[in-house]
Amino acid sequence: MKRNTFIKNMALGAAAFTILPRHVLGGKGFLAPSDRMTLGYIGVGKQAMGLLGNINRCPETLVLAASDVDAKKLARFVERATEANDKKVATSVTAYAQYRDLLGRKDIDAVVVATPDHWHAQICIDAAKMGKDIYCEKPLALTIAEGRAMVSAVRKYNRVLQTGSMQRSWKPFRHACELITNGYIGDIREINVSVGGPVRQCDLPSQPVPDYLDWNAWIGPSLYRGYHPVLAPPIENDKDWAGWRNYRNFGGGYVTDWGAHMFDIVQWALGMDESGPVSFHAPQDPLAQEGASFQYANGITVYHKQWGPGNAIQFIGTEGTIEVSREFLRSTPTSLVEQTLKPTDKRLYQSDNHYQDWIDAIKKRSRPVADVEIGHRTASVCNAVNIVYELQADVKWDPKKEVFDHAAANQMVSRPYRVPWNFNDF
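It should be emphasised that the depicted structure is a prediction, and the values quoted were computed from it without experimental measurement.

Parameters and conventions
- Residues numbered from 1 in each chain as written.
- Predicted model: local features only at pLDDT ≥ 70, side-chain atom pairs only at ≥ 80, totals over all residues.
- Heavy atoms only, no water.
- pLDDT = per-residue confidence, 0-100.
- Contact = heavy atoms within 4.5 Å.
- UniProt positions renumbered as here; feature names shortened; annotations may be inferred.
- Helix = DSSP H or I, 4+ residues; strand = E, 2+ residues; numbered from the N terminus.
- Salt bridge = Lys/Arg side-chain N within 4 Å of Asp/Glu carboxyl O.
- Buried < 20%, exposed > 50% of the residue type's maximum accessible area, 1.4 Å probe, protein only.
- Domains from an automatic or database assignment.
- Buried area = accessible area lost by both parts, 1.4 Å probe.
- Polar contact = N/O pair within 3.5 Å; in protein donor to acceptor, adjacent residues only side chain to side chain.
- Nonpolar A, V, L, I, M, F, W, Y, C, P; charged D, E, K, R; others polar.
- Axes fitted to C-alpha atoms, helices over the stretch in contact; angles between N-to-C directions.
- Parallel < 35°, antiparallel > 145°, perpendicular 65-115°, else oblique.
- Expected span 1.5 Å × (residues − 1).
- Core = buried A, V, L, I, M, F, W, Y, C linked by side-chain atoms within 4.5 Å.
- Left-handed = near helix turned anticlockwise from the far one by under 90°.
- Pairing = 2+ DSSP bridges.
- Right-handed = clockwise from strand over helix to strand, strands pointing away.

Undergrad: Would you mind showing me how to read the confidence of the model for the chain here?
TA: Detailed conclusions should not be drawn from predicted coordinates in areas where pLDDT is low. Overall, the predicted model of the chain reaches an average pLDDT of 93, with 92% of residues at or above 70. Taken together, the stretch residues 1-30 has pLDDT below 50 and engages in twelve contacts with residues farther than four places along the chain or on a different chain.

In structure tokens:
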């Protein structure tokens, strides 16, 4: 056989190999290229490392690219992602300093966004415009206006977005919500949520910027301030969670960080995924780190207070109590949480794997368990709680029009963006 003929036949054979059905090519565990979900990761710090492990367990996924403004963290992630790929199909992972270069790749189906909160809206909206499906960490948005824009962009471009509120894919939380939804503790009289304190102004002194970090890009759309390692911990010190989440313009304190988990379960239990409270109330003490509350149209009031264990919810009803956290699901009477639901009871969306649920929704072009609207509504509750802490004012909220009855509160629905960023450009 002549050399040219040999090469031509080999090429034809390789092409034929890629389109053979999976059952011919290697049994149950094999996935044909058309079945693969190719991913790019944007923001590859501590949270992304955990997401990589969880999402890699979904058999369809393969990582093609990653982007971060920290060169050291980017290099670490590329190495780990390449190792994860090797367990499936040996595939290299390309590193990008600028996330829009990653989004420009047509061979990437979806992106995982695990940046600090102040970047979520701009990146997710850009991703939707570029035709990518999205997994975005919670809280979905830093402001209410950003969240609504994210919903609008995702809907406009027919994208699938899963918010990282993974407690919706944990059976104890779903069971608690189903018991409450179906009236097993009677009428709800009060809900208490224990999460950390509200956002605060950043007073950290500026320090020299490390040579491996593009600090201007880290700041991105937010108002500029100098570098401090608490905001962006070096790779050698990322055992603890980064401190940016405590400070205004970057995060929302633990009211949004853990509130995005726990207030989210309240919204789910009360059937408020498409709506929200109608009023928010500040504590009397202007220095208080707890004591804010909000009320729904049906009269149910939710209190932000340390009622007992940290990061937990207490539902008090006329016929019993349910308490739930990641460590426990308990009730009064104690037998209540062991109750088997009746066939006639209302059931909630069932997902037992938050990451596979996202992949399945992409394949079906359906809405996942923590759809963008759900993530936005929960983030809006968290952001409104922060607003009343900062304003020390009681305000009414219209969950349909998404406006307050208070001029200053309405100014805090959005925030200024630096040039050239614009989350409304879609």
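Undergrad: Teacher, can you tell me more about the UniProt feature "domain: Gfo/Idh/MocA-like oxidoreductase bacterial type C-terminal" (unreviewed entry) in the chain here?
TA: In the UniProt entry, the feature "domain: Gfo/Idh/MocA-like oxidoreductase bacterial type C-terminal" (unreviewed entry) is given for residues 202-422. Helix makes up 26% of residues 202-422 and strand 14%. Its end C-alpha atoms lie 23 Å apart.

Undergrad: So what exactly am I meant to see when it comes to the pattern of salt bridges here?
TA: Opposite charge on two side chains lets them pair, provided their charged atoms get close. By the definition in use, this model includes 24 salt bridges. Here Arg148 and Glu402 are joined by a salt bridge, their closest N and O atoms 2.9 Å apart. Here Arg148 is found in helix H7 (residues 144-156), whereas its partner Glu402 is found in the loop between strand E14 (395-398) and strand E15 (403-404), with 254 residues between them in sequence. The class of Arg148 is partly exposed, set by a relative accessible area of 24%. Asp371 is paired through a salt bridge with Arg155; the nearest N and O atoms lie 2.6 Å apart. With Asp371 in the loop between helix H12 (354-364) and helix H13 (372-391) and Arg155 in helix H7, the pair connects residues that are 216 residues apart, well separated along the chain. What makes Arg155 partly exposed here is its relative accessible area of 29%. The structure contains a network of salt bridges with shared partners spanning Arg148, Glu373, Arg377 and Glu402.

Undergrad: What should I look at first to understand the domain arrangement of the chain in this one?
TA: Interface size is often expressed as the accessible area that is lost when the parts come together. According to the domain assignment, the chain consists of domain 1 (33-166) and domain 2 (167-199 + 251-413). Centre-to-centre separation of domain 1 and domain 2, based on C-alpha positions: 26 Å. With 39 residues of domain 1 at the interface, the matching set in domain 2 holds 41 residues. For the pair domain 1 and domain 2, the summed buried surface comes to about 3400 Å²; carbon and sulfur atoms form 60% of the total. Here domain 1 is connected to domain 2 by six salt bridges. Between domain 1 and domain 2 we count 24 residue pairs in polar contact (both at pLDDT 80 or more) in total. Residue assignment for the side of domain 1 that touches domain 2 shows that the elements contributing at least two residues are strand E1 (37-42), helix H3 (46-56), strand E4 (110-113), strand E5 (133-136), H7 and strand E6 (161-163). Here the residues of the side of domain 1 that touches domain 2 sort into 23 nonpolar, nine polar and seven charged.

Undergrad: It is not clear to me how the packing of helix H6 (residues 120-129) against H7 should be interpreted in this structure. Could you clarify?
TA: Helix-helix packing is characterised by the crossing angle of the two axes and by the distance between the axes. Direction vectors running N to C along H6 and H7 enclose 10°, while the axes themselves pass 9 Å from each other. Judged by the inter-axis angle, H6 sits roughly parallel to H7. Mapping the contact onto sequence places His120, Ala121, Cys124, Ile125 and Ala128 in H6 and Glu146, Ala149, Met150, Ala153 and Val154 in H7. Residues belonging to the contact of H6 with H7 are distributed by class as follows: eight nonpolar, one polar and one charged.

Undergrad: Would you mind going over H7 with me for this structure?
TA: Since there are 3.6 residues in each turn of an α-helix, residues three or four apart along the chain are aligned in direction. Between the first and last C-alpha of H7 there are 18 Å, a value that for 13 residues agrees with the 18 Å anticipated at 1.5 Å per step. For H7, the complete set of buried residues consists of Ile144, Glu146, Gly147, Ala149, Met150, Val151, Ala153 and Val154. Taken together, the buried residues of H7 touch H6, E5, E6, H13, E14 and E15.

Undergrad: Can you walk me through the nonpolar core in this structure?
TA: Most often, soluble globular proteins keep nonpolar side chains buried together rather than apart. Membership of the largest hydrophobic core comes to 49 residues, with the highest contact counts inside it found for Ile191, Val193, Val266, Phe280, Ile313, Phe315 and Phe404. Secondary structure elements with two or more residues in this core: helix H8 (171-181), strand E7 (188-194), helix H11 (259-269), strand E11 (312-317), strand E12 (321-325), H13 and E14. Apart from the residues within four sequence positions on either side, Phe315 is in contact with Ile180, Ile185, Glu190, Ile191, Val266, Ala269, Gly320, Thr321, Ile322 and Val324. Grouped together as the second largest cluster of nonpolar side chains are 31 residues, Tyr99, Leu102, Trp119 and Ala149 included.

Undergrad: Just checking my understanding: could you explain unusual backbone geometry for this structure?
TA: Comment: phi is negative for the bulk of residues other than glycine, and the bulk of peptide bonds are trans. Backbone torsion omega between Thr332 and Pro333 reads 0°, so that peptide bond is classified as cis. Tracing the chain through its elements places Pro333 in the loop between strand E13 (329-332) and H12. One non-glycine residue, Asn311, lies in positive phi territory at about 50°. You can see Asn311 is positioned in the loop between strand E10 (301-304) and E11. Of note, Gln392 is a non-glycine position whose phi angle comes to about 55°, a positive value. With respect to the element layout, Gln392 can be found in the loop between H13 and E14.

Undergrad: How do you make sense of the packing of H11 against H13 when you look at a structure like this?
TA: Contact pair H11 / H13: the axes reach a minimum separation of 9 Å and the direction vectors enclose 110°. Comparing their axes, H13 and H11 come out roughly perpendicular. Along this stretch, H11 crosses H13, giving a crossing that reads as right-handed. Of H13, the residues touching H11 (which contributes Gly259, Ala260, Phe263, Asp264 and Gln267) are Ile374, Arg377, Thr378, Val381 and Cys382.

Undergrad: Just to check I follow, could you spell out the pairing of E1 for this structure?
TA: In regular strands, side chains alternate between the two faces of the sheet. Extensive coverage of E1 is indicated by the burial of six of its six residues. Burial along E1 is two-sided: Met37, Leu39 and Tyr41 and Thr38, Gly40 and Ile42, pointing in opposite directions, are all buried. Pairing of E1 with strand E2 (residues 61-67), which is carried by six bridges, proceeds in the parallel orientation. Looking across to E2, one finds that Thr38 is bridged to Leu62. The handedness of the E1 to E2 crossover, carried by H3, is right-handed. Pairing geometry for E1 and E4, over four bridges, is parallel. Within the sheet, the bridge partner assigned to Ile42 lies in E4 and is Val113.

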